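Fold and contact review
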Amino acid sequence: MTTIIDDLKKNKILGLLKNEKRIDSRGFLEPRSMTIDIDVIQKANGSARIELGNTSVIAGVKIQPDKPFPDLGDKGIFICTAEILPLAHPDIEPGPPGEDVIELARVVDRGIRETSMLDLSKLVLEKNKSVIGIFVDNSITNCDGNLFDACSYASTAAILSSNLPTWKLENEQPVLVEDQESIIPITTIPVSVTMGILNDYIVVDPNADEWECMDARITMITNSDGNICALQKGGSGSVTYDQLKECSQIAISIGPKIRKILKQYQIDN
Amino acid sequence: MENDKRVYVTPGDVITTGPYRADQNVICQNNKIISTVVGISEIYDNNVKVIPLSGIYMPKVNDLIIGKVISHISLSWELDINSCYSGFLPAHDVFGRDFSAHSDELSSRLNIGDLVTAKIANFDKNRDPLITIADRDLGKINSGELVEISPSKVPRLIGKRGTMIQTIESATHASIIIGQNGWLIVSCKNQKLLSKTIDAIKMIETQSHVADLTDKVKSKLESDVGE
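Quick caveat, the model's predicted, so the values are computed rather than measured.

**Considering the domain arrangement of chain B**
Residue and element names in this part refer to chain B. The domain boundaries assigned to chain B delineate domain 1 (7-52), domain 2 (64-140) and domain 3 (145-226). Taken together, the contacts link eight residues of domain 2 with nine residues of domain 3. Among the secondary structure elements, those contributing two or more residues to the side of domain 2 that touches domain 3 are β8 (64-72) and β11 (115-122). When residues of the side of domain 2 that touches domain 3 are assigned to their parent elements, the largest contribution, three residues, is made by β8. Residue composition of the side of domain 2 that touches domain 3, grouped by class: five nonpolar, three polar and no charged.

**Topic: the sheet that holds strand β7 (residues 47-52) of chain B**
Residues and elements named next belong to chain B. The four strands are arranged β1-β6-β7-β3 in an open sheet whose pairing can be described as mixed. At either end of the open sheet lies a strand with only one pairing partner, and these are β1 (7-9) and β3 (21-22). Strand direction decides the pairing type here: β1 and strand β6 (residues 39-44), joined by three bridges, are antiparallel. When the sheet's bridge partners are listed, Y8 is paired in β6 with I40.

**Description of unusual backbone geometry**
All names here are of chain B. Positive phi outside glycine occurs at N25, with the angle close to 60°. Here N25 falls in the buried class, since 21 other C-beta atoms lie within 10 Å of it. The phi angle at D137 is positive, at roughly 65°, despite the residue not being glycine. Tracing the chain through its elements places D137 in the loop between β12 (130-132) and β13 (139-140).

**Details of the interface of chain B and chain A**
Each side of the interface is counted separately: chain B has ten residues, and chain A has eight residues. Listed by contribution, the elements that provide at least two residues to the side of chain B that touches chain A are β8 and β14 (145-148) of chain B. Looking at side-chain class alone, the side of chain B that touches chain A contains five nonpolar, two polar and three charged residues.

**Describing the pairing of strand β8 (residues 173-183) of chain A**
Residue and element names in this part refer to chain A. Here β8 lies mainly on the outside; zero of its eleven residues are buried. Both strand β7 (residues 163-170) and β8 contribute to a ladder of eight bridges, which runs antiparallel. Looking across to β8, one finds that N163 is bridged to I183. The hairpin formed by β7 and β8 contains two residues between the paired strands, and N171 there has a positive phi angle of roughly 50°.

Conventions used here
Counting from 1, residues in each chain are numbered in the order their sequence is written. As they are written, the chains are lettered A onward and the ligands numbered 1 onward, keeping that order. The predicted origin of the model limits local features to residues at a pLDDT of at least 70 and limits the giving and counting of side-chain atom pairs to 80 or more, whereas totals for whole chains, interfaces and linings rest on all residues. Each domain span listed reflects an automatic or database assignment of domains. Remark: residues whose backbone-derived C-beta atoms lie within 7 Å of one another are considered to be in contact. Only runs of H or I of at least four residues qualify as helices and only runs of E of at least two qualify as strands under DSSP, and these elements are numbered from the N terminus. Side-chain classes follow a simple rule in which Ala, Val, Leu, Ile, Met, Phe, Trp, Tyr, Cys and Pro form the nonpolar group, Asp, Glu, Lys and Arg form the charged group, and the remainder, Gly included, forms the polar group. Two strands are said to pair when DSSP picks up at least two bridges between them. Counting other C-beta atoms within 10 Å of each residue's C-beta, where C-beta atoms are placed from the backbone, gives the exposure class: buried for 20 or more, exposed for 12 or fewer, partly exposed between.

Next up, the structure:
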């Protein structure tokens, strides 16, 4: 998706930055306000709808037994996808996902995978034969910039609020045990923080207008211990070493605030 | 202008009967003038029209519009005109008749992202509307802020004989270029007046159905400016 922003607005956004202001009157390091609803899809194992400013995402979790990957027979499966629905933005067309949407899905997937949010080794029914798969689908219903963080928070909240059904093996086939659910083995809560770099200024959680003006963006995902576990840089601009250091500090400092919000949706024992 | 009584109508409503001329959003059947949209009917100078309450912008020849350059090919620019059609601005309209695709670079005059005030030169629903900027006060916009409202609310923003827009302009000393496609360019002396102007415009958009809106806008602007 490419939206062309008019030059007057672009100049305004860049001009405001010089006065340490943003177009929606936020601080540079201030993410937009976020609302989360969980269990919005009845038939899913877990789901969450998140609104980050005007960006809106629904994530659904489906848990089902599956065959393991040949080289990872002792681990469960985790797959995360994303789709921007045509109703989200006038410039979105139906059809196979573009590069940007594939990147989006992979960055969200990577954030959850590399922080080891899910202890996949506990999702094995029988080694090399049968494991439990956790599938997270993100549907973007409104596009106002920073889909990375919105999808990441939505997926995380959906997983945290999911129950894990129980399967037992009968004749090497997994059979669902009714009314027996446990908690998904969660080790940490990843928090993705996306920063835009506009004219050497770093802004957190860029909205759609800022997104179109920025030279580069950087997404950093931290775990509960405040370690950076995954990173993605995009855009044609470059990031200097000092900017990278500053971005890491920002991501680490914002992490706990958002983690606290997401943790509310975690199912306790 | 005696019988300019405004009535809310829905599609199929008979607005009037008699020898009237069907203008916008109405059809004439057996001497009856029938509305085709939800809106406010208006009868003036033997014409009957309905101002729709919502809807997209349908290009009309000679409409002043604001367009955004979204791409260019060798002989023309493509403009986003906030419609289901995209505007087509031929290069010779800007460069003159001696335009040559070899020597003239389109991006030297208009770049992607530029805003222009333009007019619809020709349109027949089967093709994209032909746009022109070869006239006085038309062309690239260098300053101001783009404000978007629903195209159907543009007549309300202008008001009867321009009263509404004059009210805003005189209260805030703003200069407002109104595109019939619902895009406006607002220029003001300072940011405070600019946000007041935009607030007033948005108020008209959301409360366009309210009676005595001009007075309400006037009192709001006066109270705001007084602060």
